[in-house]
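Letter by letter, the chains look like this.
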Amino acid sequence: MFCYQCEQTTRSENGDGCGSADIGVCGKDASTSDLQDLLVYAIKGIAQYAKRARALGKTDNEADAFILYGLFTTLTNVNFSAPRFVTLIQQAVEHRERIKALYETAASNQGITAEILQGPATWKPAETQAALQIQAASAAIDKDLTTLGEDVIGLRAMMLYGLKGVAAYAYHAYVLGGEDEAIYAGIEKSLDFLANDPTEASELLAGNLEVGAINLKVMEVLDGANTGNFGAQEPAQARITPIKGKAILVSGHDMKDLHELLEQTKDMGINIYTHGEMLPAHAYPKLRAYSHLAGNYGSAWQNQHEEFAAFPGPILMTSNCLIEPMPAYRSRIFTAGPVGWPGVRHIENHDFTPVIQAAKATPGFKEDSEDRSVTVGFGRHAVLAVADKVIDAVKGGDIRHFFLVGGCDGAAPGRNYYTDLAEQIPNDCVIMTLGCGKYRFHEQEFGDIGGIPRLLDIGQCNDAYSAIQIASALAEAFDCEVNDLPLSMMISWFEQKAVAVLLSLLSLGIKGIHLGPTLPGFVSPAVLDILVKEFDLKANGEAVDDLNTALKIAA
């Protein structure tokens, strides 16, 4: 196995990446990692034919949806079940052969000679898992490292990991009815490009920026799917302490799963709590209308061992951020969608009957806790509704600077940087936050500036589109570019959705982004040099120094 797709990857003077041991830092074993590489390889084969069929006017929605789902399962902390990947590989080949026939028939009907494709388009998977493991070397992310070097391999990896993030966001939109053929076409084109093992750094850099542009469209569609189904986010109080009664905890990112569970538990006397990236659910009017959406329990994903063990009811994991379930709660955790862990019960077709039965059989909270809450719901609709006040506050000198402090949280050292940063930001500055990185400081009291809260929780990492729209609207109001705004982006990253968002920001030409707590292992010194020269990308330093630099305060 070799994997360096997330921030927590093994780091050493001999190079970064999990591979020398039989298990990665995330808990993914070598067998599962290798099978994931083969699944990605097989999906590239689907894309090779799908791209060409699309050029002839033929598409296959089932195959496109499988590409999204399949790539999503390979994200960090999503699916750890090796047998599941054996099945997915077989399904990928079935989709590929169907799309191949679609393409060849369309070509024949239009009097065109069909291309003879190679690589993933013709790959035949072995019949057993053991034999698949042998094949995995040909699909490994670093298979050409010794001949092509770390720069080309790193750029390929960044593009692939960005595509994984794109697929995850697109799948979230898909389950809510949000689709766009331009997204499918873009993903197919990018995967086809990677299937040909590109070697030119300039072409790969352009390909990465194209992935970022695709992700912008994906986030727009996801934003529309969320607001179309649940209403635009509104500022609201989310209780962060439990109340007496039976309880179910929902973690991950999937609002569709949460809505279905809320609907199925109406009038049952079971309280539903959000966890991690599900906190923004309390800002959506149609979700908040369920009186048994009781509050948010716990914090970011890396604390789930302690928080899930202490929760007195079942837990539903809806998407990425699963870590190995501990014995204390393994019998009462369930997975849904792309998530999976060996031996953990999986929910199909949104039928949450087993989860509900588990809730009835577990004690729940025995008494109410002290009532405490946080404010959520400052998505683009809420902020832009008061844009005139924000603009006047900037022009009047009441607001000096905006800081976007957010992204992924994690357990690696260095993430206290974001707490230190937020605490030291002056009182005449506004902090925007999104993703689970907010848990580093979101319970603190930051006050307001003329009635405008200094801390604006924009939502999930899935809501990065809101942050971009807010910045774009401010730039338009001040007749300048986003790079000219009094705005600093201090982004924490962990996994592939964050890579997709970073590529989106770079595709917009946004410069000066601070990225941490450490830079990706797949970004070689030469590639970093390009990103620094082209985009002024910055690695985290000391919080106070970075803050002073942003505010142009002399040391």
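Refer to the structure above for everything that follows.
Rules used in this analysis
Residues numbered from 1 in each chain as written. Predicted model: local features only at pLDDT ≥ 70, side-chain atom pairs only at ≥ 80, totals over all residues. Heavy atoms only, no water. Helix = DSSP H or I, 4+ residues; strand = E, 2+ residues; numbered from the N terminus. Rg over C-alpha atoms; globule rule 2.2 N^0.38 Å. Buried < 20%, exposed > 50% of the residue type's maximum accessible area, 1.4 Å probe, protein only. Contact = heavy atoms within 4.5 Å. Areas by Shrake-Rupley, 256 points an atom, 1.4 Å probe, with all protein chains shown as cover. Pairing = 2+ DSSP bridges. Axes fitted to C-alpha atoms, helices over the stretch in contact; angles between N-to-C directions. 1 Å grid on protein atoms, 1.4 Å probe; cavity = no way out; pocket = protein on both sides within 12 Å on 5 of 7 lines; lining within 4 Å. Points joined across faces, edges and corners; volume = space filled by probe spheres on them. Nonpolar A, V, L, I, M, F, W, Y, C, P; charged D, E, K, R; others polar. Core = buried A, V, L, I, M, F, W, Y, C linked by side-chain atoms within 4.5 Å. Parallel < 35°, antiparallel > 145°, perpendicular 65-115°, else oblique. Left-handed = near helix turned anticlockwise from the far one by under 90°. Salt bridge = Lys/Arg side-chain N within 4 Å of Asp/Glu carboxyl O. Polar contact = N/O pair within 3.5 Å; in protein donor to acceptor, adjacent residues only side chain to side chain.

Visitor: I would appreciate a short explanation of the overall build of the protein in the present structure.
Guide: Along its length, the protein carries 18 helices and 16 strands. The C-alpha radius of gyration computed for the protein amounts to 23 Å, which stays within 12% of the reference 24 Å derived for 555 residues, consistent with globular compactness. If one aligns the C-alpha atoms of the protein with their principal axes, the spans along those axes are about 65 × 60 × 50 Å. With 555 residues in all, the protein has 60% of them scored as buried. Within the protein, counting contacts between residues at least 6 apart in sequence, those at least 24 apart form 75% of the total. Just so you have it, the protein exposes about 21,200 Å², and 50% of that area is on carbon and sulfur atoms.

Visitor: Just to check I follow, could you spell out the sheet that holds strand E14 (residues 487-492) for this structure?
Guide: Two pairing modes exist for strands in a sheet, parallel and antiparallel, and in both the strands are linked by backbone hydrogen bonds. Pairing is parallel across the open sheet formed by 6 strands, whose spatial order is E13-E10-E9-E14-E15-E16. The sheet terminates laterally at strand E13 (455-459) and strand E16 (538-539), the two strands that pair on one side only. Running over the sheet, helix H14 (residues 416-424) touches strand E9 (401-407), strand E10 (429-434), E14 and strand E15 (514-516) and is turned about 155° from E14. The strands that helix H18 (residues 543-550) touches are E9, E14 and E15; relative to E9, the one it contacts most, it runs at about 140°.

Visitor: I tried to follow empty space enclosed by the protein on my own but got confused; where do I start?
Guide: Over the atoms rolls a probe the size of a water molecule, and in doing so it shows where empty space is left. Scanning the model with the defined rule gives 12 cavities of 30 Å³ or more in all. The computed volume of the largest cavity comes to approximately 200 Å³. Taken together, 17 residues make up the lining of the largest cavity; nearest its centre are Leu-434, Ala-464, Ile-491, Val-501 and Leu-505. Among the elements of the structure, E9, helix H15 (464-477), E14 and helix H16 (496-507) are those that each provide at least two residues to the lining of the largest cavity. Examining the composition of the lining of the largest cavity, we find that 4 residues originate from one element, H16, more than from any other. Class assignment of the residues belonging to the lining of the largest cavity gives a composition of 14 nonpolar, 3 polar and no charged.

Visitor: Is there a simple way to explain the environment of His-442 in this structure?
Guide: On the secondary structure map, His-442 appears in the loop between E10 and strand E11 (448-449). Residue class for His-442 comes out buried when judged on its relative accessible area of 9%. Residue contacts for His-442: discarding those within four places in its chain leaves Leu-279, Val-374 and Leu-455.

Visitor: Please explain the nonpolar core as it appears in this structure.
Guide: Nonpolar side chains in soluble globular proteins generally cluster together in the buried interior. Residues Ile-399, Ile-513 and Phe-522 are the most contacted members of the largest nonpolar core, which totals 133 residues. Ranked by the residues each element gives to this core, the list is headed by helix H5 (residues 145-175), at 16 residues. Setting aside residues up to four positions removed in sequence, Ile-399 forms contacts with Val-390, Ala-393, Val-394, Asp-428, Val-430, Ile-449 and Ile-452. Grouped together as the second largest cluster of nonpolar side chains are 26 residues, Ile-248, Phe-334, Phe-352 and Ala-358 included.

Visitor: Help me out: how do you make sense of the pairing of E13 in this one?
Guide: Within a regular beta strand, the side chains point alternately toward one face of the sheet and then the other, so they alternate between its two faces. With respect to burial, E13 is a largely interior element, 5 of its 5 residues being buried. Here E10 runs beside E13; their pairing, made up of 4 bridges, is parallel. Each bridged residue has a counterpart across the sheet, and for Ile-431 the counterpart in E13 is Leu-455.

Visitor: I keep staring at the packing of helix H2 (residues 61-73) against helix H3 (residues 82-109) and nothing clicks. Help me out?
Guide: For any two helices packed against each other, the geometry comes down to the angle between their axes and how far apart the axes lie. Between H2 and H3, the least distance of the axes is 11 Å, while the angle of their chain directions is 150°. The pairing of H2 with H3 is recorded here as roughly antiparallel in orientation. By crossing handedness, the relation of H2 to H3 is classed as left-handed. In contact with Glu-62, Ala-63, Phe-66, Tyr-69 and Thr-73 of H2, H3 contributes Arg-84, Phe-85, Leu-88, Gln-91, Ala-92, His-95, Arg-98 and Ile-99. Looking at side-chain class alone, the contact of H2 with H3 contains 7 nonpolar, 3 polar and 3 charged residues.

Visitor: Would you explain the environment of Asn-416 in this entry?
Guide: Tracing the backbone shows Asn-416 in helix H14. Once the C-alpha coordinates of Asn-416 and Ala-543 are considered, the two residues, 127 residues apart in sequence, prove to be 9.3 Å apart.

Visitor: Teacher, can you tell me more about the pattern of salt bridges here?
Guide: Oppositely charged side chains can pair when the atoms bearing their charge come close. Taken as a whole, this structure holds 29 salt bridges when the rule is applied. One salt bridge connects Arg-11 with Asp-16, and the closest N-O pair in it is separated by 3.4 Å. Two residues, Arg-239 and Asp-371, come together in a salt bridge whose shortest N-O distance is 3.6 Å. Placement of the pair is Arg-239 in strand E1 (residues 236-239) and Asp-371 in the loop between helix H11 (353-361) and strand E8 (373-376), with a sequence separation of 132 residues. Connected via shared salt-bridge partners are Lys-51, Arg-52, Glu-115 and Asp-192.

Visitor: Is there a simple way to think about the environment of Lys-143 in this case?
Guide: Checked against the element boundaries, Lys-143 lands in the loop between helix H4 (129-135) and H5. Spatially, the C-alpha atoms of Lys-143 and Ile-153 are 8.6 Å apart, while their sequence positions differ by 10 residues. Here Lys-143 is in contact with Ala-137, Ser-138 and Asp-197, once residues within four sequence places are set aside. Engagement of the side chain of Lys-143 in a polar contact is seen with the side chain of Asp-144, the distance being 3.1 Å.

Visitor: Before we go on, may I ask you to explain the side chain of Asp-257 in this structure?
Guide: Secondary-structure assignment places Asp-257 in helix H8 (residues 255-264). At 2.8 Å, the side chain of Asp-257 and the side chain of His-350 are in polar contact. Non-local contacts of Asp-257, meaning those with residues more than four positions away in its chain, are made with Thr-318, Ala-336, His-350 and Phe-352.

Visitor: Got a minute to help me understand the sheet that holds strand E3 (residues 270-274) in this structure?
Guide: If you walk across this open sheet you meet the 6 strands as E4-E3-E2-E5-E6-E7, and the pairing is parallel. What marks the edges here is a single partner per strand, and that holds for strand E4 (293-296) and strand E7 (345-347). Here the average twist between neighbouring strands, direction ignored, is 30°. Bridging between E3 and E4 involves 3 bridges; their strand directions are parallel.

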